[in-house]
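# Reading the structure
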Amino acid sequence: MKFKLISARPLMGKGILNCIMRIFIFLFCATMFSSNHVRSQNAEININEDKIVTVDEVFNLIKTQSSDYMFIYPQNLFESFPKIQLKKGIIKVDKLLALALSGGNIDMTITDNNIIIIKEKEAVKSRISARQRNSQKIEIRGQVLDVNQHPLSDVNVIIADLNIGTFTNIDGEFSMELPHENFKIDFSLIGFKAERIDVSTLPDVSHIIVTLKEDLLSLDAVVVTAKKTESREGTSTYKIESQAIKQVQAMNLSDVLSLLPGNKTEQVNLTSAKQANIRSAVTSDVNSFGTAIIIDGTAISTDANMQTKNSSTLDGGNAVVAGGVDLRSITLANVESVEVIAGVASPKYGNLSSGGVLVKSKVGKSPYIVSANISSTNYQTSIAKGYELNDFGVLNSDFSFAYSSGSPTERKLFYKSFNLGLRWKLPVFENLDWNHFTALRIGHSDDGNRHEPEEVYKNEADVKSTSYQLSLSGDFTSSFLGKINYNVSGSLVNQHSFYDSYVLDGPYPIIESLESGTYNTTYTPNAFNQTRDIKGQPINFNGMVNVSQYLHLEDFDFNFETGIQYTLDDNTGSGRVASGNIAHTQDIAGSRSATFEKIPASKTFSAYHQTIIKRYGESSKQQLNLGVRYDNMLERYNLWSPRMSFSTNHNDFTARVAWGVSYKAPAMVQLYPGKSYIDYINFQYYAEDPNERLAVVTTYVYQPTNDHLKPNYSDLKEIGFDWSPSFMNLNFTYFKKDLKRGINTTSELLLLPKSVYEVVSAEAGEQPIVQPTGEVYNIPRTISVMKNNYSESTNGVEVTLSPKRIKATNTEFNFRYSYLESVVTDKGFSIDKSAYVVGDNSVRYGVYDNPLIKAIRSFGTLTLIQHIPSLRFVLTLSAELNFKESSEYIGTSLYPFAYYDTDGNYIAIPEENRADPEYADLVKDANTYTTVGTPFYSNFNLQIRKETKQGHSFSFYANNAPWYNPTYDYLGNRQTLNNKLSVGFNVTILINNKSNE
């Protein structure tokens, strides 16, 4: 046999600090002492006695002592081969294979994953010749075994190019029909490392044997970073598998997304909401709202969330309103992988504008998996189990509980949650190859802040949410329609937000009016409680049917996917109720009672089609995806979303280009936010005797009509290449994402009449009698209204570089880099009160242009991965390199372009006069628009994991491991760049793990 040795050199680049190189060199040298423990492909086999064996027995001997190998060959290939005489002692694998296979005319190929494919030369030639002479379909039959030759049931067998798949039966057997041999088959099962087999390399497809190895640290190759993948779901797609999830000790989905290019490892904190922010240099609710979170084919909808403290500003308190899914609610107790669509998504995904996150749960038999994550402020435990039900399929269950406090020294902030999941896979009719999945998810969270005894002002919040989600999905084959996939899901969420404030700076006039008018009222005590209850009940229904068909013509493969989808979002909650003493809101528009169940539901009907065309050449392959999606959103908008991509591959180089349009519907709280209440005092008299106190207050109710709001619009273009020579993998992508018509709040001015009152008479012990004098003057008040004013244009570059693993020490390096430049535009304008004292008749309101915001984020992560299979140990050290992070205002002006006078008249200011002294009261402060930027700095994170032979694992992480906290000056103050050192531990125990006994 011929082996190719590849040397690896450390990658060095300008701008990397000396400390980074020193730490990496030190860690690399330290790992060299463990090289004697690292297995390479040339492993040694121990023969305990002299014996005569067959070729099949040689293979079993190799797999018993080195489970990294998998052999693929025809079932009866070695029947005529002579037996081999082995002598007691040590022999290397390559010599043992040469000895065993010397008795026949065969071809042997060893892949990078130690998959050994053996063919009989003449048989292979005649088989290929026969296939070339006809284009008849190929029937593949096979069996999937573990390393102990035991059959594996419920193995997922997928042909991604055809969008079809099946499962192995109780004997580990499967069968599939393919139009030709130019396909790859993926085999995956919970707890085992996934394998991919190229059908064109198989010597015999009538009975192939596939061996799956347990996904343990004893394997030579373990992937603990996000991996750029080819996917039908989207162009730029990153897959994060179970080993990577374990390595970062992820408590929820937010922790997993830190592995994407451009994302940082954040200090674990469950007391604040977490939202996905894909491909943007700025964090915004608009971008997060457009990110779809899809669990096992079912999208989680937040469109019906109405839990706002103040509907005028969409302030949700501790609840995420008109934003993305709170990632804290997505636990990872039984998650197999996470796939992130950062590029153009498949047309089957709609109601999104910023990509999608696909979460795939584990399906299959497994032991009890008990896990615990612990840090200084966060605690999480989980238990999961997969049950084999024989003829009734497989049942997977999981339960997790999490608790977090704001800091180790105080308990004011808190978050606790539990999640229960059940997934049942049932083969319905074998003759239809019908598989059905039933999934139930129940989650509860409690998020808020307590009243600490030392606090003077009481400000409590308690936001509770209990969700129930049921989904029915599956697939079956029809001789007429082809492969049919379906998904029907429904969810119900019980939400209760409770806010209790203890006010000490009273008294205030009590205002409880729900209608416009002027009212006599009295005063609150000096100290009083004010509470607000918000009870919501969002409901979501989602139904989807997808049909997939295939056609083969000479060198071209055509795959057609067509589907329809219907979604409904409604809220049947009792609504928002304010109680206690409702104090005067001064100049702020506030919220009071509202009923959610009367608000119309949001409905969307969708249809989509995608055609995938593939061409296979001698050493090249091309693929063209053409798709379009139609959405009838909110029963008023008819939207078309074209999406297309093209890629061409030649040997180890692939070039790709893509373009797509997508839409995100407005949330119900944006369409129907409810009434805004503006209160102002016409007359007030506060006497020592409570019976004599009187205030005359006017309430103005503003009812917005947001029929003008349109869905968000996203236009994404990208171009890139993938290069995979023998010594590395390089992925490069340039993209431009234009997010338009984002919904935000902008200020508008109302002119409200204020009457002057006078005292007519005043009796002791009674309220004075007052009446209007007839004098009325206008007072201006600002309100927040919602418009499609937000636009964000992002130019970005993403790079991932992975040199080949250094086999001598089993060491890997990985570099992820992202450059993002986002320009944010708010087409609205701002209104600010002049510098005069409030109440002065000369007060006026300036009207100002909103400036553009240009944000730049240049960030890279260099990771060293040291894996020692013989010790079942892996260590990762990541250096986060913050090259540039800045935010600046463009086209700013401190001067207004107009103002409103006391009568509410709009008066434009000529550009040449805006700096005149007569408008000095309207000039904004010089520090209003300040550029924010940080210098280059680095941060180091350490993660260590050790596994036992039984599969138990213990891991440790230290973020900012060197405890390095550089500072910089910002507006005369010293700012810290890095978080403090934070550490965490994980323990995972496998109970009744019979496969490891």
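Below is a short write-up of the structure. (Residues numbered from 1 in each chain as written. Predicted model: local features only at pLDDT ≥ 70, side-chain atom pairs only at ≥ 80, totals over all residues. Heavy atoms only, no water.)

When helices and strands are counted, the protein shows eight helices and 54 strands. For the protein, the C-alpha radius of gyration of 33 Å lies close to 30 Å, the compact-globule estimate for 997 residues. If you line up the protein on its principal axes, its C-alpha atoms span 120 × 65 × 60 Å. Put simply, the protein has 997 residues, and 52% of those count as buried. For the protein, restricting intrachain contacts to residue pairs at least 6 apart in sequence, the fraction spanning at least 24 positions comes to 70%. (Helix = DSSP H or I, 4+ residues; strand = E, 2+ residues; numbered from the N terminus. Rg over C-alpha atoms; globule rule 2.2 N^0.38 Å. Buried < 20%, exposed > 50% of the residue type's maximum accessible area, 1.4 Å probe, protein only. Contact = heavy atoms within 4.5 Å.)

Quick look at the packing of aromatic side chains now. Scanning the entire structure with this criterion turns up 23 aromatic pairs. A ring pair is formed by Phe721 and Phe732, whose centres lie 5.5 Å apart and whose planes are at 25 degrees; its orientation type is stacked. Residue Phe721 is located in strand E39 (residues 712–723), and its partner Phe732 is located in strand E40 (residues 728–761); the two are separated by eleven residues in the primary sequence. Accessibility expressed as a relative area gives 26% for Phe721, which makes it partly exposed. With 5.5 Å between their ring centres and 35 degrees between their planes, Phe883 and Phe936 make a pair best called tilted. With Phe883 in strand E46 (residues 873–890) and Phe936 in the loop between strand E49 (932–934) and strand E50 (937–947), this pair connects stretches of sequence that are 53 residues apart. The partly exposed category is assigned to Phe883, whose relative accessible area is 27%. An aromatic cluster is defined as three or more aromatic residues linked by ring pairs; in this entry it consists of Phe815, Tyr817, Phe883 and Phe936. The ring of Tyr238 has Lys228 sitting right over it, with the charged end atom 5.9 Å from the ring centre. The ring of Phe859 has Arg857 lying over it, and the distance from NZ or CZ to the ring centre is 5.4 Å. (Phe/Tyr/Trp six-rings, centres within 6.5 Å; stacked < 30°, edge-to-face > 60°. Lys NZ or Arg CZ within 6 Å of the ring centre and 35° of its normal.)

Phi is positive for Ala322, close to 55 degrees, though the residue is something other than glycine. Looking at where Ala322 falls in the secondary structure, it is placed in the loop between strand E18 (298–299) and strand E19 (335–341). Positive phi, normally seen in glycine, also occurs at Asn960, with a value near 55 degrees. Checked against the element boundaries, Asn960 lands in the loop between strand E51 (953–959) and strand E52 (967–970).

Time to look at empty space enclosed by the protein. The full count for this structure, using the stated rule, is nine cavities of 30 Å³ or more. Roughly 780 Å³ of internal volume is contained in the largest cavity. Along the walls of the largest cavity sit 43 residues, with Ser329, Ser465, Ser467, Val493 and Gln495 positioned nearest its centre. When residues of the lining of the largest cavity are traced back to their parent elements, those giving at least two are strand E24 (410–427), strand E25 (435–449), strand E26 (458–478), strand E27 (482–503) and strand E30 (538–553). Here the lining of the largest cavity takes seven residues from E26, the largest share from any one element. (1 Å grid on protein atoms, 1.4 Å probe; cavity = no way out; pocket = protein on both sides within 12 Å on 5 of 7 lines; lining within 4 Å. Points joined across faces, edges and corners; volume = space filled by probe spheres on them.)

Turning our attention to the sheet that holds strand E8 (residues 138–145). The three strands are arranged E11-E8-E14 in an open sheet whose pairing can be described as mixed. One side of each edge strand has no neighbouring strand; the edge strands of this open sheet are strand E11 (173–178) and strand E14 (208–211). If you compare each strand with its neighbour and ignore which way they point, the axes differ by 30 degrees on average. (Pairing = 2+ DSSP bridges. Axes fitted to C-alpha atoms, helices over the stretch in contact; angles between N-to-C directions.)

This part covers the side chain of Asn649. By the secondary structure assignment, Asn649 is in strand E35 (residues 637–650). In terms of polar contacts, Asn649 uses its side chain to reach the backbone carbonyl oxygen of Asn651, at 3.4 Å. A polar side-chain atom of Asn649 sits 2.8 Å from a polar atom in the side chain of Thr654. With residues near it in sequence (within four places) discarded, Asn649 still touches Ser619, Ser620, Lys621, Gln622 and Thr654. (Polar contact = N/O pair within 3.5 Å; in protein donor to acceptor, adjacent residues only side chain to side chain.)

The subject of this paragraph is the pairing of strand E37 (residues 676–685). Summarising burial for E37: eight of the ten residues are buried, a large majority. The pairing of E37 with strand E38 (residues 694–702) spans nine bridges and is classified as antiparallel. Bridge pairing in E38 links Ile681 to Val697.

Sheet strands line up and pair through hydrogen bonds in the backbone, either parallel or antiparallel. The antiparallel open sheet is built from three strands, whose spatial order is E28-E38-E37. Two strands close off the open sheet at either side, each with one partner strand: strand E28 (517–521) and E37. Neighbour-to-neighbour, the strand axes of this sheet turn through a mean angle of 25 degrees, independent of strand direction.

Turning our attention to the packing of helix H2 (residues 55–65) against helix H3 (residues 93–100). It is at 10 Å that the axes of H2 and H3 come closest, and there the two elements cross at 170 degrees. Here H3 runs roughly antiparallel to H2, going by the angle between their axes. Pair H2 / H3 crosses with left-handed handedness. Here Val55, Val58, Phe59 and Ile62 of H2 lie close against H3, whose contacting residues are Val93, Leu96, Leu97 and Ala100. Of the residues assigned to the contact of H2 with H3, the class counts are eight nonpolar, no polar and no charged. (Parallel < 35°, antiparallel > 145°, perpendicular 65-115°, else oblique. Left-handed = near helix turned anticlockwise from the far one by under 90°. Nonpolar A, V, L, I, M, F, W, Y, C, P; charged D, E, K, R; others polar.)

Looking only at H3, the buried set comprises Val93, Asp94, Leu96, Leu97 and Ala100. Viewed end-on, H3 has its buried residues packed into an arc of 165 degrees, placing them on one side of the element. (Arc of directions from axis to C-beta.)

Ile140, Val144, Val155, Phe174, Phe187, Val210 and Leu212 are the most contacted members of the largest nonpolar core, which has 29 residues in total. Where this core is concerned, the elements lending two or more residues are strand E3 (70–72), strand E7 (115–120), E8, strand E9 (156–159), E11, strand E12 (184–188) and E14. Apart from the residues within four sequence positions on either side, Phe187 is in contact with Val144, Val155, Asn156, Val157, Phe174, Ala194, Glu195, Ile197, Val210 and Leu212. Counting 28 residues, the second-largest nonpolar core is a separate cluster that includes Ala461, Ile534, Ala665 and Val669. (Core = buried A, V, L, I, M, F, W, Y, C linked by side-chain atoms within 4.5 Å.)

Turning our attention to the pattern of salt bridges. Within this structure, the stated rule accounts for 23 salt bridges. As a salt-bridge pair, Asp462 and Lys464 come within 3.9 Å of each other at their nearest N and O atoms. A relative accessible area of 34% means that Lys464 is categorised as partly exposed. For Lys787, the salt bridge identified is with Glu748, shortest N-O distance 3.1 Å. Of this pair, Lys787 sits in strand E41 (residues 769–803) while Glu748 sits in strand E40, placing them 39 residues apart in sequence. Each of Lys264, Arg857 and Glu885 takes part in a single network of salt bridges with overlapping partners. (Salt bridge = Lys/Arg side-chain N within 4 Å of Asp/Glu carboxyl O.)

You can see Gln380 is positioned in strand E22 (residues 378–388). Its relative accessible area of 7% is what places Gln380 among the buried residues. Placed 182 residues apart in sequence, Gln380 and Thr562 show a C-alpha to C-alpha distance of 42 Å. Here Gln380 is in contact with Ala250, Met251, Thr331, Ser371, Ala372, Asn373, Phe401 and Ala402, once residues within four sequence places are set aside. Here the side chain of Gln380 touches Met251 through a polar contact of 2.8 Å, landing on its backbone oxygen.

Everything listed is a geometric property; what it means functionally is a separate question.
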